[in-house]
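# Structural description and commentary
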Amino acid sequence: MKCLLIASESAEVLFYWTDPEFQQNVQQQYGASQEEGHELPAFEDSISTLFAPIIISCITMVDRLGDSYASFTTENNHIYVLHQFDECLYIAVNGDGDEDEDDLRRKIYVMKKMIEVLFGMVTLSGPLLRKELRPQDTEQRARLWKQLQSLLETYGHLRENDQSFLVEAVERLIHPTLCEQCIEFLERRLVQQLNSSGERAGEEVMHAFILVHTKLLAFYSSRNASTLVTSDLLTLIIMAQNMYPSSTDLEDTGPEDAESTSGSGPDVFYTPEPSPSEGDSDSSSGSNKLKKVNDIPVFEFVDPDIQMAEDSLQTLRVPPPDPSTPQRVFLEVSLKEGLYPMMPHSMYCLPLWPGITLVLLTKIPNNGLAMSIYVYLEAFAKLEKRLRDGHDGSAAMRDLRGKLDKFIKALGPSDIQSVPLLNVWTEFKSRAFAKGGPGFTKDLLPWCKNMKTQLCGIFRQCFLTDSGSVDAPRHLSPGLQERAQTLVQEKLMDWKEFLLVKSKRNITMFPGLIHFICVDRSTGQMIAPSLNITEHNTSELGKGPVAHFIKRKVWGLVNTTRSYLQKGYSTVTLRDGDFYFCYFLWFENETGFKLDAMDLPVLPDDSAPIGMLSWDYYSRNHQGEVVRCFELLTIHLGIIPTEIILQHCRQLASKLWEPSRNPLL
C-alpha cells in the first residue's frame, strides 16, 4: 500500500506512482461506487479524485495561514507525508507499515532530486515544470511517467538491499592494483582517445567511471573537470541500474555456469510473432496457428482472448530508448568563478557484461549559455528576496543591466524564446529604471517572476528539446561509443569473473566483529563487508537466514543513529540482545588531525532527511577551514569486552582510509 503523487496547486496530477496493492484498493473503492453498466474511470482520474480534498485543503492552509500540515495518520493507520516545493505539492503515502514518516519524506526528496537531474533549471519555473511533467501528448506523458516510476522503483530496491544507498555513500571495490591500472587506462587510453576524435560532435568527456553492480571500480575526471558531488553520482548510479539492472539470476550463478553468463556470446532474445492478419484467415483459424522455429513447423494452440490481450499490450507498451542516444542530465559544477548547479551533461551508459558498466559524462558545446542563464536567474531570485524584505536592489541590477542586454542580443532573432524574453525585459526596464516608473518596489515582483520564467524557457529550448538540425550530429557517434566499449572490455576481459565475485566479498573482518560500515563523508565513499542474503551466494556473514538477520539489524541501526543525529548526538552505543552497537561521527582537518567535538544542530521532525541525496548534512566549517567528516558504525558480539570493541573501532578508523589501501583517494 504505497503511493507517491506530485500535484499542482489546482489539484492537477503531474505524476504518480503506486504499488499494485494501492492501485487495486483505489480501483475497488471507485469501482464499487460506479453505477451498473458504466465503465470504470481511468486510474489517473480516480487518484486525482482521491487526493483532491487533501491538495485543496493543504493549498488553502498555505494561503490563509502561511503554513500547512507536514504529515498525518488516518484512522486506518495510513501515513501521509506532504511537502510543497514552489508550486508543486509532493504527497507520499504508506498503508502497510513498511515505511515511517522519515522513509516517506526521504522518498519525496529523492524524487525531487531525480527530477532536478532530469530537467535542470526548468525546475526553477513552476509553469514550465508543470508542462514538462505533464505533457499534452498522452504517449509522451506515458513514456515520461513510466521512466520516473521505474527510477523510483529502482531507488526503492537499492535502498532496501544495498548498503551504499542505505547510508547514501558510494561503495568502492577494494583492489588497489586493478584500480590503479583502470584509472590509468581511463586517463591515457580511453578519455584521451575520445576527446581527440572527430566523431565527438563537440562534446568533451569530463568523467569516466566503471561500475560493478553499484560498486565503483575506478573513477577518472579530466583535469579541467569539476568534482562530481556525491548526490549527483548516487543519482547517476540509480539511472545506470535502472537502464541495466543487476539480475538476481546472474548474481546467483555458480562458477560452473560462468561461461554461459560471461557475455562472450551474442545475446539472443525471442520476440513473439504478431497475431494473424485478415489476409491469413484462410490458412489458419483464430485459435490455431502454424509457426516456424528454425524452419521446423510447430503447431501451437493460442487462446483468442489471450492473443487479443497480448496485442493490446503490444499497442500500449512504451518503446525503449535508443541505446546509442545519451541521457541528458543536469549536474552541479564548481569552478573558480563560483558554483553552478544543474549544468547540462550527456550521460552514456555502456554495458560491458551483465553487472559491469562503463559510464561516460560529457560536457556539451553550448555549456557556457547555461552558466549565463543561471547567473541571471540567481540575480533575479536575490532581487525578489530583497524586494520582499523591503530593501533596495537597484545597485546590483544596474551592474547586470548591460550584461543582460548583450546576452539577449547574442541570442539573435532566430531564437523563438528570445522575442518574449526581450519583451518582458523591456517592460521590466521601463518600470524599474524609467524616471516616471515605480522603481524598485514590490510592484516589480511579478516582473521578476516573468523574467525567471522566460530565462528558464530559453534553458528548456536549448537543453531539453531537439531544436538543432536533424542532420547535424549532437553526441558521440555510435561507432565511437562502440570503440570505447570494446577498449574497456579488452582491458577487463581477464578480470570480469573476479570482479563479479569481488563485489560480493569485499572486506576481511576482525574476530568478534560481525559487521561495520565506515563512511568518508568528504569524498562521499564508504567501505563495508558485503551482505548477500540469497541461498546461492556466501558473503563474509554466511548466507541465507543468518545474513538476512544481520541485514535487518544493520538497517535498523542506521535508522536509530539518524534519529539520534537529528537530536544532536554524534556518538551512540547500545546493546541489543547478544549484540553491541557503536556509532561514531567525528571531524578531522586536512592534515588528519582529529578536531574537538562540534555541537551538532538539533533538527525539527519535518526537516529534510539526514543524508546526501536530500541535502549535504555533513558539510561543516571549523574556524574558517574546511574539515573532513567520518562515520563509523560497528556491530560486535555482546560477549566481546568493551576495550576490545573500542580497539577495533580505532583500528578501523585509522586503517581503512589509508591512501595505500585504495588509489581512489
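Everything below is about the structure printed above this text.
Residues numbered from 1 in each chain as written. Predicted model: local features only at pLDDT ≥ 70, side-chain atom pairs only at ≥ 80, totals over all residues. Heavy atoms only, no water.

## Some thoughts on the overall build of the protein chain
Scanning the protein chain from terminus to terminus reveals 19 helices and 20 strands. Each of the 665 residues in the protein chain was classed as buried or not, and the buried ones make up 48%. Sequence separation of at least 24 residues holds for 67% of the intrachain contacts in the protein chain that already meet a minimum separation of 6. (Helix = DSSP H or I, 4+ residues; strand = E, 2+ residues; numbered from the N terminus. Buried < 20%, exposed > 50% of the residue type's maximum accessible area, 1.4 Å probe, protein only. Contact = heavy atoms within 4.5 Å.)

## Some points on the pattern of salt bridges
Working definition: two side chains of opposite charge can pair if their charged atoms are close together. For the structure on display, the rule yields 26 salt bridges. Between D405 and K429 there is a salt bridge, with the nearest N and O atoms lying 3.0 Å from each other. Here K429 lies in helix α14 (residues 418–432) and D405 lies in helix α13 (residues 394–411), a separation of 24 residues in the sequence. By relative accessible area, D405 is classed as partly exposed at 30%. Here R628 makes a salt bridge to D520, at a shortest N to O gap of 2.6 Å. Residue R628 is found in strand β20 (residues 628–637), and its partner D520 is found in strand β14 (residues 513–520); the two are separated by 108 residues along the sequence. With relative accessibility at 27%, the residue R628 sits in the partly exposed group. One network of salt bridges, with partners in common, ties together E12, E44, R134 and R141. (Salt bridge = Lys/Arg side-chain N within 4 Å of Asp/Glu carboxyl O.)

## Quick look at the side chain of K502
Following the sequence through the fold, K502 ends up in helix α17 (residues 496–502). Judged by its relative accessible area of 16%, K502 falls in the buried class. Among the polar contacts made by the side chain of K502, one reaches the main-chain carbonyl oxygen of I174 at a distance of 3.3 Å. Other than its neighbours up to four places away in sequence, K502 contacts L173 and I174. (Polar contact = N/O pair within 3.5 Å; in protein donor to acceptor, adjacent residues only side chain to side chain.)

## A look at the nonpolar core
I6, F51, I91, M111, F380 and F428 are the most contacted members of the largest nonpolar core, which has 116 residues in total. Excluding residues that lie within four positions of it along the chain, F380 makes contacts with M397, L404, W425, F428, C448, M451, K452 and L455. In this structure, V519, W555, M598 and L633 belong to the second largest nonpolar core, which totals 33 residues. (Core = buried A, V, L, I, M, F, W, Y, C linked by side-chain atoms within 4.5 Å.)

## What to know about the sheet that holds strand β3 (residues 71–73)
Pairing between the strands of a sheet is mediated by backbone hydrogen bonds and can be parallel or antiparallel. What the five strands build is an open sheet, ordered β2-β1-β5-β4-β3; its pairing is antiparallel. Here the strands that pair on one side only, and so sit at the sheet edges, are β2 (13–18) and β3. Neighbour-to-neighbour, the strand axes of this sheet turn through a mean angle of 10°, independent of strand direction. Inspection of the sheet shows strand β1 (residues 2–8) paired to β2 by five bridges, in the antiparallel sense. Across the sheet, residue C3 finds its bridge partner in β2, namely T18. Sitting on the sheet, helix α3 (residues 101–119) touches β1, β2, β3, β4 (79–85) and β5 (88–94), and the angle it makes with β4 is about 35°. Its contacts with the sheet put helix α5 (residues 138–161) on β1 and β2, and the angle it makes with β2 is roughly 45°. (Pairing = 2+ DSSP bridges. Axes fitted to C-alpha atoms, helices over the stretch in contact; angles between N-to-C directions.)

## Overview of the packing of aromatic side chains
All told, the structure shown has 23 aromatic pairs when counted by the stated rule. Measuring from ring centre to ring centre gives 5.7 Å for W495 and F498, while their planes differ by 70°; the resulting arrangement is edge-to-face. W495 sits in the partly exposed class, given a relative accessible area of 25%. Members of the aromatic cluster, joined through ring pairs, are F15, Y16, F43 and W145. (Phe/Tyr/Trp six-rings, centres within 6.5 Å; stacked < 30°, edge-to-face > 60°.)

## Overview of the pairing of strand β12 (residues 338–353)
By the criterion of burial, β12 is predominantly enclosed, with 13 of the 16 residues buried. The sheet contact formed by strand β11 (residues 327–335) and β12 spans eight bridges and is antiparallel. Note that in β12 the partner of S334 across the bridge is L339. Here β11 folds back onto β12, and the loop between the two strands holds two residues. Taking the residues that link successive antiparallel strands as the turn, the β12-strand β13 (residues 356–363) hairpin has two residues, and the phi of G355 there is positive, at about 95°.

## Quick notes on the side chain of H636
Its location among the elements puts H636 in strand β20. A residue is classified by how much of its surface remains accessible, and H636, at 0% relative accessible area, is buried. At 3.0 Å, the side chain of H636 forms a polar contact with the side chain of H648. Aside from chain neighbours lying at most four places away, what touches H636 is G512, L513, I514, D578, F579, Y580, I645 and H648.

## A look at helix α15 (residues 445–463)
Counted at 1.5 Å a residue, the expected span for α15 with its 19 residues is 27 Å, and the 27 Å between its end C-alpha atoms agrees. Among all positions in α15, only L445, C448, M451, K452, Q454, L455, C456, G457, I458, F459, Q461 and F463 are buried. (Expected span 1.5 Å × (residues − 1).)

## Some details on the environment of D405
On a C-alpha basis, the gap between D405 and T426 in space is 9.6 Å, while along the polypeptide they are 21 residues apart. Those residues in contact with D405, other than ones at most four positions away along the chain, are W425 and K429. In terms of polar contacts, D405 uses its side chain to reach the side chain of K429, at 3.0 Å.

## Description of the packing of α3 against helix α8 (residues 230–243)
The description of two packed helices rests on the angle between their axes and on the distance between the axes. Running from N to C, α3 and α8 cross one another at 85°; their axes reach a closest spacing of 11 Å. Judged by the angle between their axes, α3 and α8 are roughly perpendicular. The residues of α8 that touch α3, namely those facing K113, M114, V117 and L118, are S231, D232, T235, I238 and M239. (Parallel < 35°, antiparallel > 145°, perpendicular 65-115°, else oblique.)

## Digging into the sheet that holds β12
Across the sheet, which stays open at both edges, the five strands sit in the order β8-β7-β13-β12-β11 with antiparallel pairing between neighbours. Both outer strands of the open sheet, β8 (215–221) and β11, are each paired with one neighbouring strand and no more. Each neighbouring strand pair of the sheet contributes to a mean axis angle of 30°, computed without reference to strand direction. Looking at chain direction, strand β7 (residues 204–212) and β13 are connected through eight bridges and run antiparallel. Paired with H207 across the bridge in β13 is L361. Those strands touched by α3 are β11 and β12, and its axis lies near 95° from that of β11. Those strands touched by helix α7 (residues 176–195) are β7, β8 and β13, and its axis lies near 45° from that of β8.

## Structural notes on helix α12 (residues 367–388)
Its 22 residues place the ends of α12 32 Å apart at the C-alpha level, agreeing with the 32 Å of an ideal helix rising 1.5 Å per residue. A positive phi of about 85° marks G390, the residue just after α12.

What is shown is where atoms sit, not what they do.
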